[in-house]
Amino acid sequence: MKLFKPTLVALTLVSVIGCQETKQEEKAPVLDTEVQKQAYGLGASIGMFTQRNLVEQEKLGLSLDHELLLRGFKDSLAGNSAIEKEEIQALMMNLEQTMKAKQQEVAAKAAEANIAEGKKFLEENAKKEGVQVTESGIQYSVITEGEGEKPVATDRVKVHYKGMFLNGEEFDSSYSRNQPAVFGLNQVIKGWTEGVQLMSVGSKYTFVIPSDLAYGPNGNPPRIPGNSVLQFEIELLEIMKPAEAPKVGDK
């Protein structure tokens, strides 16, 4: 995540200017022409983008002096920067490295905490009624049992699914996109490859997948931290059979 390219710093300063000038009474923007709307839209998109960056910076404990940010922006616009361009570029590179170090520190702490949290969750979930545990450690329960055939690891399947962290927060869902997913079972995480093979077409299962069968200690940045035990609700809709090769004499 690169938040501190020079252009992005400029965007941050635009946001700061907006915050510091709230004391002045502002007139409603004139948006009569397409060009005016484009100009306003560009500014709005910069503001939304910058807001997300500022929130991320605060989460990582980095707080820059807004007065100096504003002064640097104004001086640069006036062609009177107190720091030479080459030094600014070096400073921005150092700032980016600082952000990366902070992100890695936060990720390492989260990954360490996830080990204990995941272990406790798996131990408690295994005791629940209807939960079955595979030899590899995958935990699953049946919501609906289908009557179709079961896929093998080399099959392509069509599924509906949603993925959740242990606190129930959803991180991915084909239901939300209103579009089933199609993929090869040997192209996904190990827990899916093994788990979906337990299902018959028409089945709907819930799975709790240990970290080593999901994304492991590295996680899947930026969304899934390392050592995350994950929950999935999976509905097997279809096994996608390859089309038959044409026979001799076929048109």
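Conventions we followed
- Residues numbered from 1 in each chain as written.
- Predicted model: local features only at pLDDT ≥ 70, side-chain atom pairs only at ≥ 80, totals over all residues.
- Heavy atoms only, no water.
- Phe/Tyr/Trp six-rings, centres within 6.5 Å; stacked < 30°, edge-to-face > 60°.
- Helix = DSSP H or I, 4+ residues; strand = E, 2+ residues; numbered from the N terminus.
- Buried < 20%, exposed > 50% of the residue type's maximum accessible area, 1.4 Å probe, protein only.
- Core = buried A, V, L, I, M, F, W, Y, C linked by side-chain atoms within 4.5 Å.
- Contact = heavy atoms within 4.5 Å.
- Pairing = 2+ DSSP bridges.

Draft legend 1. How the structure looks around the packing of aromatic side chains. Evaluation of the coordinates by the stated rule reveals eight aromatic pairs. When the centroid spacing of 5.3 Å and the interplanar angle of 90° are considered together, the rings of Tyr161 and Trp192 count as edge-to-face. Residue Tyr161 is found in strand β3 (residues 156-164), and its partner Trp192 is found in helix α6 (residues 190-196); the two are separated by 31 residues along the sequence. By relative accessible area, Trp192 is classed as buried at 6%. Seen in terms of ring centroids, Trp192 and Phe232 are 5.4 Å apart; in terms of plane orientation they differ by 85°. Their pairing is edge-to-face. Taken together, the residues Trp192 in helix α6 and Phe232 in strand β7 (residues 230-240) connect sequence positions 40 residues apart.

Draft legend 2. Expanded view of the nonpolar core. Val159, Trp192, Phe207, Ile209, Phe232 and Ile234 are the most contacted members of the largest nonpolar core, which totals 24 residues. Of all the elements in the fold, those that place two or more residues in this core are β3, β5 (181-184), α6, β6 (204-209) and β7. Broken down by element, this core gets its largest block of residues, four residues, from β7. Setting aside chain neighbours within four positions, we find Ile234 in contact with Val159, His160, Tyr161, Trp192, Val196, Met199, Ser203, Lys204, Tyr205 and Phe207.

Draft legend 3. Structural context of the environment of Phe165. Looking at where Phe165 falls in the secondary structure, it is placed in the loop between β3 and β4 (170-173). The exposure class of Phe165 is buried, given its relative accessible area of 11%. Separated by 64 residues in sequence, Phe165 and Val229 have C-alpha atoms that sit 7.2 Å apart. Each residue touching Phe165, except ones within four places of it in the same chain, is listed here: Phe171, Arg223, Ile224, Pro225, Leu230 and Gln231.

Draft legend 4. Quick peek at the pairing of strand β2 (residues 139-144). For strand β1 (residues 132-133) and β2, the ladder comprises two bridges, and the chain directions are antiparallel. Looking at β2, one finds that Val133 is bridged to Gln139. Adjacent in sequence and paired antiparallel, β1 and β2 are bridged by five residues, among which Gly137 carries a positive phi angle near 110°. Pairing analysis gives five bridges linking β2 to β6, with the strands arranged antiparallel. Residue Tyr140 lies in a different strand from β6, and its bridge partner there is Phe207.

Purely geometric stuff here, so don't read any function into it on its own.
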